[in-house]
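Survey of secondary and tertiary structure
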Amino acid sequence: MTHTRLLLIGTLATLLATGPAVAHADDGPSVPPGTEASASAPVDLDANDPDLKLPDGATLAEPKVLDIKSVVEDQSGDERREDTNTDVKFALQAEVLFGKDSAKIGAQARARIADIAEEIKVQNATRIRVFGFTDNLGSSAHGDVLSRKRANAVHGILVQELSDANLTYEVRGYGEDYPIADNSTEAGRKKNRRVEISFPRGEN
């Protein structure tokens, strides 16, 4: 990947939930990675400890576990990779994979998905999520259907590339839910039209 920028930001650690192996997108999607509740704190804190020097009457908030997330995005914004201590997630813009209002994958897009399949092998992952998203143009129902079809299409390529019956897939379409950018601009809508492929890091 060329002309990348690397951002290190602290985020809440997330737990990657697994679903049953599916061949098509589910109608009742779970929450995408990154929106789950944070993990419990590794140590207990005493809210009454005088060394904490809280003002009179103040109490500590619930402790949170922070994770470091590495985000690499190419200059065009067409592709994004996020790494945490536990997960790897690729986000590919719909224009990279499909024609307008289409779920048909071209040869160049197949090669890009094949590269991600190689990374899945490197990480020795056994659980893979493929989630489709759209912008908020058009009807919500149409976006739901299109995002499911696109997720299914990417899932189909991964199955061909990985050829492993032991892999578990969760394939879902969220339509216009969970935007990552402002839908009021075309630049933002382009980022929201995406397919995300995520999996746990380094399972052995």
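Our structure's up above, just so we're on the same page.
Quick look at the structure, then.

What counts, and where the lines are drawn
Residues numbered from 1 in each chain as written. Predicted model: local features only at pLDDT ≥ 70, side-chain atom pairs only at ≥ 80, totals over all residues. Heavy atoms only, no water. Buried < 20%, exposed > 50% of the residue type's maximum accessible area, 1.4 Å probe, protein only. Helix = DSSP H or I, 4+ residues; strand = E, 2+ residues; numbered from the N terminus. Pairing = 2+ DSSP bridges. Axes fitted to C-alpha atoms, helices over the stretch in contact; angles between N-to-C directions. Parallel < 35°, antiparallel > 145°, perpendicular 65-115°, else oblique. Left-handed = near helix turned anticlockwise from the far one by under 90°. Contact = heavy atoms within 4.5 Å. Nonpolar A, V, L, I, M, F, W, Y, C, P; charged D, E, K, R; others polar. Expected span 1.5 Å × (residues − 1). Salt bridge = Lys/Arg side-chain N within 4 Å of Asp/Glu carboxyl O.

Regular strands place side chains that alternate from one sheet face to the opposite one. Across the nine residues of strand S2 (residues 66-74), seven count as buried, placing the element largely inside the fold. Relative to strand S3 (residues 79-83), S2 runs antiparallel, the two sharing four bridges. For Ser70, the partnering residue across the bridge sits in S3 and is Asp83. Here S2 folds back onto S3 in antiparallel fashion, the turn holding four residues, of which Gly77 has a positive phi close to 80 degrees.

Next up on the list: unusual backbone geometry. The phi dihedral of Asn124 is positive, around 55 degrees, even though this residue is not glycine. Mapped onto the secondary structure, Asn124 falls in the loop between helix H2 (107-123) and strand S5 (127-133). In this structure Asn124 comes out as partly exposed when scored by relative accessible area, which is 38%. The phi dihedral of Tyr178 is positive, around 60 degrees, even though this residue is not glycine. Structurally, the position occupied by Tyr178 is in the loop between strand S6 (168-173) and helix H4 (186-192).

Running from N to C, H2 and helix H3 (residues 140-162) point in directions that differ by 55 degrees, and their axes come no closer than 9 Å. Here H2 is positioned oblique relative to H3, judged by the angle of their axes. With respect to the hand of their crossing, H2 and H3 are arranged in right-handed fashion. Contact residues: Arg110, Ile113, Ala114, Ala117, Ile120 and Lys121 in H2; Val154, Ile157, Leu158, Gln160, Glu161 and Leu162 in H3. By residue class, the composition of the contact of H2 with H3 is eight nonpolar, one polar and three charged.

What follows deals with H2. In a regular helix each residue adds 1.5 Å, so 17 residues correspond to 24 Å; H2 covers 25 Å between its end C-alpha atoms and thus fits that length. Within H2, burial applies to Ala109, Arg112, Ile113, Ala114, Ile116, Ala117, Glu119, Ile120 and Gln123. Contacts made by the buried residues of H2 are with S3, strand S4 (87-93), helix H1 (94-97), S5, H3 and strand S7 (194-200). Phi turns positive one or two residues past the end of H2, at Asn124, with a value near 55 degrees.

Tallied over the full model, the rule gives 20 salt bridges. Between Glu170 and Arg172 there is a salt bridge, and its shortest N-O distance comes to 3.1 Å. Judged by relative accessible area, Glu170 falls into the buried class, the value being 4%. A salt bridge links Arg193 to Glu186; its shortest N-O distance comes to 2.7 Å.

All we've got here are geometric facts, nothing functional implied.
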